[in-house]
Amino acid sequence: MLRKKRLILVFSVAVIIVVFFIWLHDQYKVPIIMYHSITPQAKLENRLQISTSLFRRQMQFLKTHHYNIVSLEEAGEMIDGRKKIPPGTIAVTIDDGYKDNYVYAYPVLKELKVPATLFIIVNEVARPSGDRLSWGQIKEMLGSGLISIGSHTLDHSYLPEVKSEPELKRQIFDSKKILEEKLGIAINTFCYPAGRFNLHIRDLVIQAGYKYAFATGLGRRFSNHDPYLIKRVRISESDNLFYFWVKISGYYNLFRSHNNR
């Protein structure tokens, strides 16, 4: 009787372990990291900034530890199941089109041969303040073969609060069209401003002809495999290399609430 009970216990524990690892495997997502402004003067309290030195250390970490750094579209093909996900796969994105992306981030990416996607706010390109990328700088980075471009709408409008259907379509459809006309390439990726969306906005992104769309802070409420709700992880100045390693594990989404970005 005792032997039978032990066998039942061992079997039960084995089943629990198998179920746990099946569940854990389903929670994994390809880590897609998100930056904004890369500058020597980064402020710790500004979550949209990271210092040039820390950015370099993080990119060097990826290279030193042999991460499989892929383009955003290739990552999308893995997320929607069309390609197998090799161990250590990761993709790099940079939002908003700050000029410092060209001045400080691009030399690091080029030196280390790290591919990245820039999400551009179309109407802020070459704005008079001088803190955004010019069309010439964007084209130069495109020419390297390392940088790809996605749409971040025309004005970075908070789309869930846009009540006008024509305005929603303008932000989603026209930003794609303008980028394609200016750069002479297909624009296949879209980034929801502030990472926020609703299902109607998602449908419009599909209608516009994008292949993939990217959000933030979705938590565990949405599938890890929806090509139009791909989750990303924001990287900031407060992320030392240990925390960076945790964030790029592929399981970071398990440890943050739905509203953390």
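Just so it is clear, the model here is predicted, and its values are computed rather than measured.

Examined against the element boundaries, valine 233 turns out to sit in strand 10 (residues 233–234). A sequence separation of 140 residues divides valine 233 from threonine 93, and the C-alpha atoms of the two residues are 9.8 Å apart.

Nonpolar side chains collect at one region of the surface, where Phe242, Tyr243 and Trp245 lie side by side and expose about 360 Å² of accessible area between them. Looking at where tyrosine 243 falls in the secondary structure, it is placed in helix 8 (residues 241–247). Classification of tyrosine 243 as partly exposed rests on a relative accessible area of 34%.

Overall, the coordinates contain 13 salt bridges when judged by the stated rule. With a shortest N-O distance of 3.5 Å, glutamate 124 and arginine 127 are connected by a salt bridge. With relative accessibility at 17%, the residue glutamate 124 sits in the buried group. A network of salt bridges, in which partner residues are shared, links Glu124, Arg127, Asp131 and Arg132.

Listed as buried for helix 3 (residues 72–79) are Leu72, Ala75, Gly76, Met78 and Ile79. Each buried residue of helix 3 lies within a common arc of 160° when the element is viewed along its axis, so the set occupies one face. Downstream of helix 3 by a residue or two, glycine 81 has a phi angle that is positive, lying close to 90°.

One pass over the full model with this rule turns up nine aromatic pairs. Where phenylalanine 61 meets phenylalanine 244, the ring centres are 6.0 Å apart and the plane angle is 80°; that geometry is what we call edge-to-face. Taken together, the positions of phenylalanine 61 in helix 2 (residues 52–64) and phenylalanine 244 in helix 8 put the pair 183 residues apart, joining distant regions of the chain. As far as burial versus exposure is concerned, phenylalanine 61 and phenylalanine 244 are alike and both buried. Consider the rings of phenylalanine 242 and tryptophan 245, whose centres lie 5.9 Å apart with planes at 40°: the pair is tilted. With phenylalanine 242 and tryptophan 245 both in helix 8 and three residues apart, the pair spans about one turn of that helix. Clustering of aromatic rings is evident, with ring pairs tying together Phe190, Tyr192, Phe197 and Tyr210. Sitting above the plane of the tyrosine 98 ring, arginine 132 keeps its charged end 4.2 Å from the centroid. In this structure, lysine 176 packs its charged tip against the face of tyrosine 210, placed 5.7 Å from the ring centre.

Another aspect to go through is unusual backbone geometry. For residues other than glycine, phi is negative in most cases, and the peptide bonds are mostly trans. Residues other than glycine seldom take positive phi values, yet alanine 126 does so here, at roughly 60°. By secondary structure assignment, the location of alanine 126 is in the loop between strand 6 (116–120) and helix 5 (135–143). Residue alanine 126 is classed as partly exposed on the basis of its relative accessible area of 46%.

Bringing the pairing of strand 5 (residues 89–95) into the picture now. Extensive coverage of strand 5 is indicated by the burial of seven of its seven residues. Neither face of strand 5 is left uncovered, since the one carrying Thr89, Ala91, Thr93 and Asp95 and the one carrying Ile90, Val92 and Ile94 both have all their residues buried. Pairing of strand 1 (residues 32–35) with strand 5 involves four bridges; the strand directions are parallel. Residue pairing across strands places isoleucine 33 opposite valine 92, the latter belonging to strand 5. Where strand 4 (residues 68–69) meets strand 5, two bridges bridge the pair, whose relative direction is parallel. Note on strand 5: the bridge partner recorded for isoleucine 69 is isoleucine 90. Chirality of the crossover, the property in question, places the unit of strand 4, helix 3 and strand 5 among those that are right-handed. Relative to strand 6, strand 5 is paired through three bridges, and the arrangement is parallel. When the sheet's bridge partners are listed, threonine 93 is paired in strand 6 with threonine 117. Each parallel crossover has a hand, and the one from strand 5 via helix 4 (residues 100–112) to strand 6 is right-handed.

Calculation criteria
Residues numbered from 1 in each chain as written. Predicted model: local features only at pLDDT ≥ 70, side-chain atom pairs only at ≥ 80, totals over all residues. Heavy atoms only, no water. Helix = DSSP H or I, 4+ residues; strand = E, 2+ residues; numbered from the N terminus. Patch = residues over 30% accessible without salt bridge, like charges linked within 9 Å, V, L, I, M, F, W, Y side chains within 5 Å. Areas by Shrake-Rupley, 256 points an atom, 1.4 Å probe, with all protein chains shown as cover. Salt bridge = Lys/Arg side-chain N within 4 Å of Asp/Glu carboxyl O. Buried < 20%, exposed > 50% of the residue type's maximum accessible area, 1.4 Å probe, protein only. Arc of directions from axis to C-beta. Phe/Tyr/Trp six-rings, centres within 6.5 Å; stacked < 30°, edge-to-face > 60°. Lys NZ or Arg CZ within 6 Å of the ring centre and 35° of its normal. Pairing = 2+ DSSP bridges. Right-handed = clockwise from strand over helix to strand, strands pointing away.

What is shown is where atoms sit, not what they do.
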